[in-house]
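Analysis of the macromolecular model
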Amino acid sequence: MTKIETIFENNKKWIAEKLDMDSKYFENLAAGQHPEFLYIGCSDSRVTAEDIMGLQPGEVFIHRNIANLVNNVDLNVMSVINYAIRHLEVKHVVVCGHYNCGGVKAAMQPVDMGILNPWLRNIRDVYRIHKLELNAIENETKRYNRLVELNVQEQCINLIKTAAVQEAHKQRGLIVHGWVFDISTGKLIDLNINFPKILESIVEIYRLY
Ligand code: CO
């Protein structure tokens, strides 16, 4: 068990390490942020954004929630998206899901999860949209993994429905990416979401810009 005191000890060591490498490290960090990436991932403790991407503080703007959802009426994620795109002017937006996702697993069970019901309903909706493909997969683990991937794809589509993404894509070539992190191997997998094609196919309905 980690003691709270240990965390503050770790912090002192971390400060010393950073200053040892660069005496102006914190001075520079405090001067401002210019991240090129917005990362939207799962809250899962095993999937840490900067670590898996090999990026440092200041390089990625992060939003995490259960099952990496981009929900239209979630003021939190929508505020993050707008701030990152319109003010920080990030160049890439990433939705990163992961295999063994507890949120996705829970959404596959016929269980009343209380306050989590409306949140997980978003994943059940993804299942409904892709029911034919998913139900054709007999192996339960494979079906679960595929739902993780399709959930990422649908969240990318939700991003593409926003005015901020549509505007930034047209004005400065912002790109949306869909990734999955495989906890069992440590691998980051690019789902190769065809961003321009999706935009073209849904823009007649979702055009805001
Ligand atoms: Co998860």
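Here, the structure is the one placed above.
Now for a description of the structure that goes with this document. (Residues numbered from 1 in each chain as written. Predicted model: local features only at pLDDT ≥ 70, side-chain atom pairs only at ≥ 80, totals over all residues. Heavy atoms only, no water.)

Turning next to the coordination of the cobalt ion. For the cobalt ion, every protein donor is listed as Cys42 (SG), His98 (NE2) and Cys101 (SG), and the spread of their distances is 2.0 to 2.3 Å. All donor residues of the cobalt ion come from one chain, and their arrangement in sequence is C-x55-H-x2-C. Residue Cys42 is found in strand β1 (residues 37-42), and its partner His98 is found in strand β3 (residues 92-98); the two are separated by 56 residues along the sequence. Exposure remark for Cys42: the relative accessible area of 6% places this residue in the buried category. (Donors = N, O, S within 2.8 Å, 3.2 Å for Na, K, Ca; no water. Helix = DSSP H or I, 4+ residues; strand = E, 2+ residues; numbered from the N terminus. Buried < 20%, exposed > 50% of the residue type's maximum accessible area, 1.4 Å probe, protein only.)

This next bit is on the environment of Arg172. You can see Arg172 is positioned in helix α9 (residues 163-172). Through-space distance from the C-alpha of Arg172 to that of Lys91 is 8.2 Å; in sequence the pair is 81 residues apart. In terms of polar contacts, Arg172 uses its side chain to reach the backbone carbonyl oxygen of Ile85, at 2.9 Å. (Polar contact = N/O pair within 3.5 Å; in protein donor to acceptor, adjacent residues only side chain to side chain.)

Let us now look at helix α4 (residues 75-87). Here α4 is 13 residues long and its end C-alpha atoms lie 17 Å apart, about the 18 Å a rise of 1.5 Å per residue gives. Within the sequence span of α4, burial applies to Val77, Met78, Val80, Ile81, Ala84 and Ile85. Around the axis of α4, the buried residues are gathered within 160 degrees of arc, so they sit on the same side. Among the exposed residues of α4, those oriented more than 90 degrees off its buried face are Leu75 and His87. Tucked into the core, α4 has its buried residues touching β1, β2 (60-65), β3, α8 (140-160) and α9. (Expected span 1.5 Å × (residues − 1). Arc of directions from axis to C-beta. Contact = heavy atoms within 4.5 Å.)

On to unusual backbone geometry, then. Here Asn100, not a glycine, exhibits a phi torsion of approximately 65 degrees, which is positive. With respect to the secondary-structure elements, Asn100 resides in the loop between β3 and α5 (102-107). One non-glycine residue, Asn192, lies in the positive phi region at around 50 degrees. Summarising the element assignment, Asn192 is placed in the loop between β5 (187-190) and α10 (195-206). What makes Asn192 exposed here is its relative accessible area of 60%.

A separate point is the packing of aromatic side chains. Under the defined criterion, the tally for this structure stands at 3 aromatic pairs. Ring geometry for Tyr25 against Phe26: centres 5.0 Å apart, planes inclined by 85 degrees, an arrangement best described as edge-to-face. Classification of Phe26 as partly exposed rests on a relative accessible area of 26%. Seen in terms of ring centroids, Phe61 and Tyr83 are 5.8 Å apart; in terms of plane orientation they differ by 45 degrees. Their pairing is tilted. Of the two residues, Phe61 sits in strand β2 while Tyr83 sits in helix α4, which places them 22 residues apart along the sequence. Under the relative-accessibility criterion, Tyr83 is labelled partly exposed at 38%. Every member of this aromatic cluster is reached through a ring pair, and the members are Trp14, Tyr25 and Phe26. (Phe/Tyr/Trp six-rings, centres within 6.5 Å; stacked < 30°, edge-to-face > 60°.)

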